[in-house]
Amino acid sequence: MRRIALAAVAASGLTVMLAGTALTDETNWGAYEVGDKRSGYTYAAAETRSIQDDDFENPAMLWVDTGQELWDTVEGEAGKACASCHDDAAVSMAEVGAIYPVYYEPRGKLINIEQRINLCRTENMKAKAWKWESRELLSMTAFVRNQARGRPVAVKIDGPAAPFYEKGKEFYYQRRGQLDMACKSCHEDNAGNMIRANLLSQGQSNGFPTYRLKWQKVGSLHRRFRGCNSQVRATPYKAGSDEYVNLELFLADRGRGLPVETPAVRN
Amino acid sequence: MAKPKPRVKVPKTAAKGEVLEIKTLITHKMESGQRKDKKTGEKIPQKIINKFVCAFNGKEVFSADWHPAISANPFMSFYAVATESGTFEFTWTDDDGSVYSKTAQLTVE
Amino acid sequence: MNESKQYRDVSRRQALIVVGAGGLAAAGLTLLPQAASADAAAVDAAIKGLIGGKTPQAGRITLDLPQIAENGNTVPITVEVDSPMTEQDYCKAVHIFADKNPQPGVASINFTPACGKAKASTRMRLAKTQNVVAVAEMSDGSVYTAKAEVKVTIGGCGG
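Reading the values: the criteria
For every chain, the first residue of the written sequence is number 1, and numbering continues from 1 onward in sequence order. Chain letters start at A and ligand numbers start at 1, both assigned in the order the entries are written. Given that this is a predicted model, residues contribute local features only at a pLDDT of at least 70 and side-chain atom pairs are listed and counted only at 80 or more, while totals for whole chains, interfaces and linings are drawn from all residues. With hydrogens and water excluded, all non-hydrogen atoms of the structure serve as input to the side-chain values. A run of H or I in DSSP becomes a helix once it reaches four residues, and a run of E becomes a strand once it reaches two; helices and strands are each numbered from the N terminus. A simple rule labels every residue: compare its accessible area, found with a 1.4 Å probe on the protein chains alone, to the largest value its type can have, and call it buried under 20%, exposed over 50%, or partly exposed in between. The contact criterion used throughout is that any non-hydrogen atoms of two residues lie within 4.5 Å. Just to be clear on terms, a salt bridge is a Lys or Arg side-chain nitrogen sitting within 4 Å of an Asp or Glu carboxyl oxygen.

Examining the overall build of chain B
Helix and strand counts for chain B stand at 0 helices and 8 strands. Here chain B, with 109 residues, has 52% of them falling under the buried criterion. Pairs at least 24 apart in sequence give 57% of the contacts found in chain B among residues at least 6 apart.

Some details on the environment of L106 of chain B
All names here are of chain B. As for its position among the elements, L106 is in strand β8 (residues 99-108). Its relative accessible area of 2% is what places L106 among the buried residues. Each C-alpha atom of the pair L106 and F56 lies 9.5 Å from the other, and the pair is 50 residues apart in sequence.

Some remarks on the pattern of salt bridges
If charged atoms from side chains of opposite charge come close, those side chains can pair. One pass over the full model with this rule turns up 19 salt bridges over all chains. Between R7 of chain B and D65 of chain A there is a salt bridge, with its nearest N and O atoms 2.8 Å apart. With R7 of chain B in strand β1 (residues 6-9) and D65 of chain A in helix α3 (residues 61-71), this residue pair bridges two chains. Since its relative accessible area comes to 10%, R7 of chain B is described here as buried. The exposure class assigned to D65 of chain A is partly exposed, which follows from its relative accessible area of 22%. Between D189 of chain A and K184 of chain A there is a salt bridge, with its nearest N and O atoms 3.1 Å apart. A network of salt bridges, in which partner residues are shared, links D54 and E57 of chain A together with K23 of chain B.

Shown next, in the form of structure tokens:
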């Protein structure tokens, strides 16, 4: 069994090079560290952090700007814009970014911010849903979540959300793919260790949608999930799938108390 | 691709003679011309913003010629002296000839 | 739990072999230039094309670059030239080159005395570990140059 694992790891190039203890890090990370929870910010290179530090250097703010414009844009047969019902996003969306995903009674399951936006579009605005990972949906999601920037993540995992939280947790610890790795294999057991030339983070979700240098644009949390799943050579689920929304809730709770950072900048 | 969207940071007011820092960003893929289409194997043609100009009251203050090695969503920051009140005009010129622009007002006290 | 032990037990030697083989096939860098690279001679030729037969001198340029770039897609660079930036004496331009990119030219930055300061920042793509060269042209016709190496991290999943 062990040989198979080694062969699979070797084939992929996804080798964890450093064994042993996590790097000790004495830096005071301020708001980016809450108890033993550390934002991906604290694992990023200084240059990458400095791009996030200034809103006029952070290219993701171009998406937030677009989201602001779309917020005020009337679309659909109902002749409404987001602002028609929700007025000033700074007030009406102040919390949303910190408390989603939430249980949605009419569907009997969780929905995340992207899905809430599209529900508003199809049901209230009578407009077409935006495609996942489209510039529009990314921009609006980044804009909405940005309104909660600085607020501690505080999702609800009890009541009707409880069974979905449990499913998300199960997903997180479930080994998958040819590499037979779970989310936790990297982000819990090896956070702070190098995976080839990259420093593994805790895999916190508080900065999404995030500008990734690799993508050279803003991308969604579910795009990141798909990337992780592909890298362990598992078949990724669809963006917006129940599996990923449940995982999103589990991850949010795992990073409970970390401030919303959207839009973050990461490698 | 959606129309490129610029973003600039210029102070609204300044003292005469002050050296101001100006920061600019614009959405653009900056297609390098080196990349291949994964499906067809064909090279994707270069399409970048090749020129950035900052003028103040019609006179060029700063410009840059960009090559494909400039990152996507290009960032450029630089400085300008506040001499009088007026308008900064920023223009980005695309390989396809399109020009994207943005203006910002400065009041010198 | 033994699943983590399995890959922790990869010996350093095995790991290095894998990195050697896998380093080239790094995922995710598809937007980077992948064609044949320029070289130092091409950079010299490009510089000659801009400044003619003049010999660049060392000094006056401060080049701020990371020693190790986390991602070659987006490497921040700040260049500053020591100049009074008056009508009589100013830095006209700084040209930036990368000697192992498919094309050596990165950018030409054109200043005027109205800038007040010959300092600018941008972000560039570096296909691999290489030298970044800056060449500054002054209003009196003198030319200065500076060089810095940037190591580019290839591959991995982004952490």
